[in-house]
Amino acid sequence: MYDPVQLRTFLTVAQTLSFTQAAARLGVRQSTVSQHVRRLEEATGRPLFLRDTHSVELTEDGEALLGFARSILEAHERAAAFFAGTRIRGRLRFGASEDFVLTRLPEILEAFRHEHPEVELELSVELSGTLHERLDAGRLDLVLAKRRGDADERGRLVWRDRMVWIGAEGLRVDPDRPVPLIVFPPPGITRARALDVLQADGRPWRIACTSGSLSGLIAAARAGLGVMAHTRGLIPPGLVRVGGLPDLGSVEFALLRGPRVSAAAEALAAAILSGADRLTRAT
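Keep in mind that what you see is a predicted model, and the values were worked out from it rather than measured. Counting restarts for each chain: residues are numbered from 1 in the order of the written sequence. Only residues with pLDDT of 70 or above have their local features reported here, since the model is predicted, and side-chain atom pairs are shown and tallied only from 80 upward, although totals for entire chains, interfaces and linings are computed over all residues. Remark: hydrogens and water are excluded; side-chain values derive from all non-hydrogen atoms of the structure.

1. Comments concerning the overall build of the protein
Secondary structure assignment for the protein yields 9 helices and 11 strands. In summary, the protein has a C-alpha radius of gyration of 20 Å against a globular reference of 19 Å for 283 residues, a match within 12%. Taken along its principal axes, the extent of the C-alpha atoms in the protein is 65 × 45 × 30 Å. Note on exposure labels: buried denotes an accessible area under 20% of the residue type's maximum, exposed denotes more than 50%, and partly exposed covers the range between, all computed with a 1.4 Å probe on protein chains only. When burial is assessed residue by residue, the protein has 48% of its 283 residues classed as buried. Each accessible area is a Shrake-Rupley result for a 1.4 Å probe, and residues are judged covered by the shown protein chains and nothing else. With the model as given, the accessible surface of the protein reaches about 14,000 Å², and the carbon-plus-sulfur share is 50%. None of His or the chain ends enter the tally, which takes Lys and Arg as positive and Asp and Glu as negative. For charged residues, the charge sits on one atom: NZ in Lys, CZ in Arg, CG in Asp, CD in Glu. Side-chain charges of the protein comprise 37 positive and 35 negative groups, with the mean position of each set lying 2 Å from the other. Strands are runs of DSSP state E lasting at least 2 residues, helices are runs of H or I lasting at least 4, and numbering of each runs from the N terminus. Atoms considered for the radius of gyration are the C-alpha atoms alone. The globule rule reads 2.2 Å times the number of residues to the power 0.38.

Now the structure itself:
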């Protein structure tokens, strides 16, 4: 028997790759997070994380436990919703970053619609920067997007990952020529990060392709037109990491709520947080 509380803690650490961030999201002490993980490792008889003072990574057994943990927690949530006997209604305007087009976000939204059929869900898929603007203007109720920068602590952290340079297999960047970039248009947060990093490193660059569609960027990258900055856990099929370029740092994805708080927004936020590990795995 695995304790659902410990499983939820495990999933949160897996999503944030940080015991500190997991504690903040769950509203408990970091020592409590460590205790939950330790007890779960004792119950499974396997180490679930590789951790040191600088990083936290899932082991192979930790990766295997993700699916089981999610299934167990979803069953608990369905049972709780059934016996609570409450039905959520209303309109929910939800915005999701382009980054999640190729992930399993549709599965999370499908399950949400099945659980809450009387919620009128409106989905907008945009650049993270555009979603922030629409949320600030009161045109969205809930947003899943990149944070604007290291100083941005708004919203609830969903997960953190490294950003890497990717391109077609075999692509080599000539150090003596401007870096050919494949980017979203402004106000793309990834675009801004790529340009800032290259400028700080003194590397000249040129725009090889601009597209507001992730599919368009992927097509250009697969054609070998250049490199693009992308989240490590969301690298599309047919593209690989490209070396020889400055480090892009990490990126955080967060859930941000608008001023109009509703039960529907809270329910979808909870569904996304509980299933966040599926957002780092392509369909």
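2. Thoughts on the environment of Thr-103
Mapping Thr-103 onto the fold places it in the loop between strand E3 (90-97) and helix H5 (105-115). Thr-103 gets classed as buried once you look at its relative accessible area, which sits at 1%. The spatial distance from the C-alpha of Thr-103 to the C-alpha of Pro-185 is 22 Å, given a sequence separation of 82 residues. Counted as a polar contact is a pair of N or O atoms within 3.5 Å, where, for protein atoms, one must be capable of donating a hydrogen and the other of accepting one, and residues adjacent in sequence contribute only when both atoms are in side chains. Here the side chain of Thr-103 touches Phe-100 through a polar contact of 3.0 Å, landing on its backbone oxygen. Of the polar contacts made by the side chain of Thr-103, one reaches the backbone nitrogen of Leu-105; its length is 3.3 Å.

3. Here's the deal with the environment of Leu-131
Mapped onto the elements of the fold, Leu-131 is located in helix H6 (residues 128-136). Since its relative accessible area comes to 0%, Leu-131 is described here as buried. Not counting residues within four places of it along the chain, the set of residues in contact with Leu-131 comprises Gly-95, Ala-96, Ser-97, Ser-124, Glu-126, Leu-140, Val-143, Leu-144 and Ala-145. Residue contacts are defined here by distance: any two heavy atoms, one from each residue, within 4.5 Å place the two residues in contact.

4. Describing a nonpolar patch on the surface
Two distance rules govern patches: like charges are joined within 9 Å, and nonpolar side chains (Val, Leu, Ile, Met, Phe, Trp, Tyr) within 5 Å, applied only to residues with over 30% relative accessible area and no salt bridge. Whenever a carboxyl oxygen of Asp or Glu lies within 4 Å of a side-chain nitrogen of Lys or Arg, that contact is scored as a salt bridge. Residues Val-101, Leu-102, Leu-123 and Val-125 make up a contiguous nonpolar surface patch of about 280 Å² in total accessible area. Here Val-101 shows up in the loop between E3 and H5.

5. Points about empty space enclosed by the protein
Whether a set of points on the 1 Å grid over the protein atoms alone is a cavity depends on a 1.4 Å probe fitting there but being unable to get out, while an open set qualifies as a pocket with protein on both sides within 12 Å along at least five of seven lines; lining residues are those with an atom within 4 Å of a point. Grid points are joined across faces, edges and corners, and a volume is the space filled by probe spheres set on the points. Per the stated rule, a full pass over the model turns up 2 cavities of 30 Å³ or more. Approximately 90 Å³ is the volume found for the largest cavity. Lining of the largest cavity is provided by 14 residues; of these, Phe-184, Thr-190, Arg-191, Met-228 and Ala-229 occupy positions nearest its centre. For the lining of the largest cavity, the secondary-structure elements that each account for two or more residues are strand E7 (179-183), helix H7 (189-201) and strand E9 (228-231). Examining the composition of the lining of the largest cavity, we find that 4 residues originate from one element, E9, more than from any other. Following the grouping adopted for this structure description, the nonpolar residues are Ala, Val, Leu, Ile, Met, Phe, Trp, Tyr, Cys and Pro, the charged ones are Asp, Glu, Lys and Arg, and the polar ones are all others, Gly among them. When the residues that make up the lining of the largest cavity are grouped by side-chain class, the tally is 8 nonpolar, 3 polar and 3 charged. Computed from the structure, the second largest cavity encloses a volume of approximately 50 Å³. Together, Ser-97, Glu-98, Asp-99, Leu-127, Ser-128, Lys-146, Phe-184, Gly-188, Ile-189 and Thr-190 line the second largest cavity.

6. A closer look at unusual backbone geometry
Most peptide bonds are trans, and most residues other than glycine sit at a negative phi. Note that the residue after Pro-186, namely Pro-187, is joined by a cis bond; omega there is 10°. Relative to the helices and strands, Pro-187 resides in the loop between E7 and H7. We note that Leu-17 has phi near 50°; this positive angle belongs to a residue other than glycine. With respect to the secondary-structure elements, Leu-17 resides in the loop between helix H1 (4-16) and helix H2 (19-26).

7. Remarks on H6
In terms of burial, H6 is a largely internal element, 7 of the 9 residues being buried. Residues of H6 that are buried: Ser-128, Gly-129, Thr-130, Leu-131, His-132, Arg-134 and Leu-135. Next to the buried residues of H6 lie E3, strand E4 (119-126), strand E5 (142-146), H7 and strand E11 (250-257). Positioned one or two residues after H6, Gly-138 has a phi angle of 80°, which is positive.

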